[in-house]
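Report on the structure
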Amino acid sequence: MNCIIVDDETAARTIVSHLCSQVDNLTVVDDFPNAMQAIKFLNKNEVDLIFLDIHMPDFTGFDFIDSLKNPPKIVLTTSDRDFAIEAFEYDCIVDYLVKPITLPRFLKAMQKVESFKAPVVQKAAPVVQEAKQEESEKEMYVNIDRRLIKIVFDNIFLIEAKGDYVLIKTEGKNYTVHSTLKKIEEKLPDSLFLKVHRSYIINIKKIVDIEDNSVLIARDVIPISRSNRPELMKRLNLL
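This report concerns the structure included in the present document. Since the model is a prediction, treat every value here as computed from it, not as a measurement.

With parallel pairing, the 5 strands of this open sheet are ordered in space as β2-β1-β3-β4-β5. Each edge of the open sheet is held by one strand with a lone partner, namely β2 (27-32) and β5 (93-98). Across the sheet, the mean angle separating the axes of adjacent strands is 20 degrees when strand polarity is ignored.

Here is the structure:
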């Protein structure tokens with residue numbers, strides 16, 4: 001199994017490389033001090049596994065993963081415990097190692113890598129099973145200033161895209177999150193939320209009024225795109 005190491009700290013790359021040498025059939029083909037160099041390498045080469053630091057200058061570990069069309073298995077290596085929940089939203093992430101990494105913990109991660117099923121297999125799970133999982137989820141966590149904030153789905157009015165950020169309006173307060181509308185949408189249960197416009201997702205239970213091509217949520221008038229209007233009408237049993 002071939003792997004690369006991506007970490008801006010030379011000592012950290014050396015330690016991970018040494019740990020890799022303790023595992024049979026695991027070969028470090030290269031290591032990189034930043035994500036950009038690793039991306040250039042991956043554009044021409046394939047690997048089975050990446051050991052990836054989260055905190056790197058200019059381009060975080062999550063930014064790096066988002067840039068990969070078909071990411072291989074990834075083990076995160078970081079001194080920050082705060083991103084574990086966000087990390088496992090990615091199908092390709094196998095394990096989350098907190099520095100300093102001990103050999104027993106590293107070997108346990110390698111066992112997970114060996115038994116890890118490809119994301120394609122995971123996505124083939126029955127739709128009924130996914131629906132049951134949705135019903136059991138009542139909240140989500142968002143990363144704001146390196147803090148994980150819990151937001152209860154029922155309290156959300158709407159979510160609006162604002163460039164590189166999204167604005168989440170709730171009954172209690174509003175949250176500005178560095179994310180995309182697509183990423184947030186993936187966390188939301190379909191039974192409660194609907195994207196009605198390229199820039200807006202609404203909680204259909206919070207609708208006050210519908211008029212022409214807009215919907216009133218609390219005091220906000222939200223546009224409804226022509227392509228999304230039929231689905232909204234269907235969800236509200238108005239067809």
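On we go.
With that settled, the discussion passes to helix α2 (residues 35-42). Within the span of α2, buried status applies to A35, A38, I39, F41 and L42. For α2, the angular spread of buried residues about the axis comes to 160 degrees, placing them on one side. Packing partners of the buried residues in α2 comprise β1 (2-6), β2, β3 (49-52) and α3 (61-67). For α2, the N-terminal capping position is held by N34, with its side-chain oxygen 3.2 Å away from the main-chain nitrogen of M36.

Next up on the list: helix α5 (residues 103-115). Taking 1.5 Å per residue, 13 residues should reach 18 Å; α5 reaches 19 Å between its end C-alpha atoms and fits that length. Within α5, the full set of buried residues consists of F106, A109, M110 and V113. Within α5, the buried residues cover an arc of 105 degrees as seen down the axis, which keeps them to one side. For α5, the exposed residues set more than 90 degrees away from the buried face come down to P104, Q111, E114 and S115.

Moving on, we come to the nonpolar core. Formed by 25 residues in total, the largest nonpolar core has its most connected members in I4, I50, L52, F64, L76 and I93. Going through the elements one at a time, β1, α2, β3, α3, β4 (73-78) and β5 are the ones with two or more residues in this core. Element by element, the count of residues in this core is highest for α2, at 5 residues. Excluding residues within four positions of it along the chain, L76 makes contact with L52, I54, F62, A87, I93, D95, Y96 and L97.

This next bit is on the packing of aromatic side chains. A complete count under the given rule lists 4 aromatic pairs for this structure. On the numbers, 5.3 Å between centres and 50 degrees between planes, the contact of F32 with F41 is tilted. The pair F32 / F41 is uniform in exposure class, with both members buried. Seen from the ring of F157, K206 lies directly overhead, with NZ or CZ sitting 5.2 Å from the centre.

In this structure, I4 sits in strand β1. When the C-alpha positions of I4 and D30 are compared, they lie 5.2 Å apart, and in sequence the two are 26 residues distant. Setting aside its immediate chain neighbours within four residues, I4 contacts V29, D30, F32, A38, F41, L42, V47, L49, I50 and F51.

The subject of this paragraph is the pairing of strand β11 (residues 193-197). Within β11, 4 of the 5 residues are buried, which leaves the element mostly enclosed by the surrounding structure. When β11 meets strand β12 (residues 200-203), the two strands line up antiparallel, connected through 4 bridges. Looking across to β12, one finds that F193 is bridged to N203. Turn length for the β11-β12 hairpin, with the two strands adjacent in sequence and antiparallel, is 2 residues.

The next subject is the pattern of salt bridges. Taken as a whole and assessed by the stated rule, the structure comprises 9 salt bridges. Between R13 and D31 there is a salt bridge whose closest N-O contact spans 2.9 Å. One end of the pair, R13, is in helix α1 (residues 10-20); the other, D31, is in strand β2, and 18 residues separate them in sequence. One salt bridge connects K99 with D53, and the closest N-O pair in it is separated by 3.8 Å. Linking K99 in the loop between β5 and α5 with D53 in the loop between β3 and α3, this pair joins segments that are 46 residues apart in sequence. Salt bridges linked by common partners bring D7, D53 and K99 together as one network.

Read across the sheet, 3 strands follow the order β13-β14-β15 without closing on themselves; strand pairing throughout is antiparallel. Each edge of the open sheet carries a strand with a single partner, namely β13 (207-211) and β15 (220-223). Going across the sheet, the axis of each strand differs from the next one's by a mean of 25 degrees, ignoring polarity.

The rules behind the values
Residues numbered from 1 in each chain as written. Predicted model: local features only at pLDDT ≥ 70, side-chain atom pairs only at ≥ 80, totals over all residues. Heavy atoms only, no water. Pairing = 2+ DSSP bridges. Helix = DSSP H or I, 4+ residues; strand = E, 2+ residues; numbered from the N terminus. Axes fitted to C-alpha atoms, helices over the stretch in contact; angles between N-to-C directions. Buried < 20%, exposed > 50% of the residue type's maximum accessible area, 1.4 Å probe, protein only. Arc of directions from axis to C-beta. Contact = heavy atoms within 4.5 Å. Polar contact = N/O pair within 3.5 Å; in protein donor to acceptor, adjacent residues only side chain to side chain. Expected span 1.5 Å × (residues − 1). Core = buried A, V, L, I, M, F, W, Y, C linked by side-chain atoms within 4.5 Å. Phe/Tyr/Trp six-rings, centres within 6.5 Å; stacked < 30°, edge-to-face > 60°. Lys NZ or Arg CZ within 6 Å of the ring centre and 35° of its normal. Salt bridge = Lys/Arg side-chain N within 4 Å of Asp/Glu carboxyl O.

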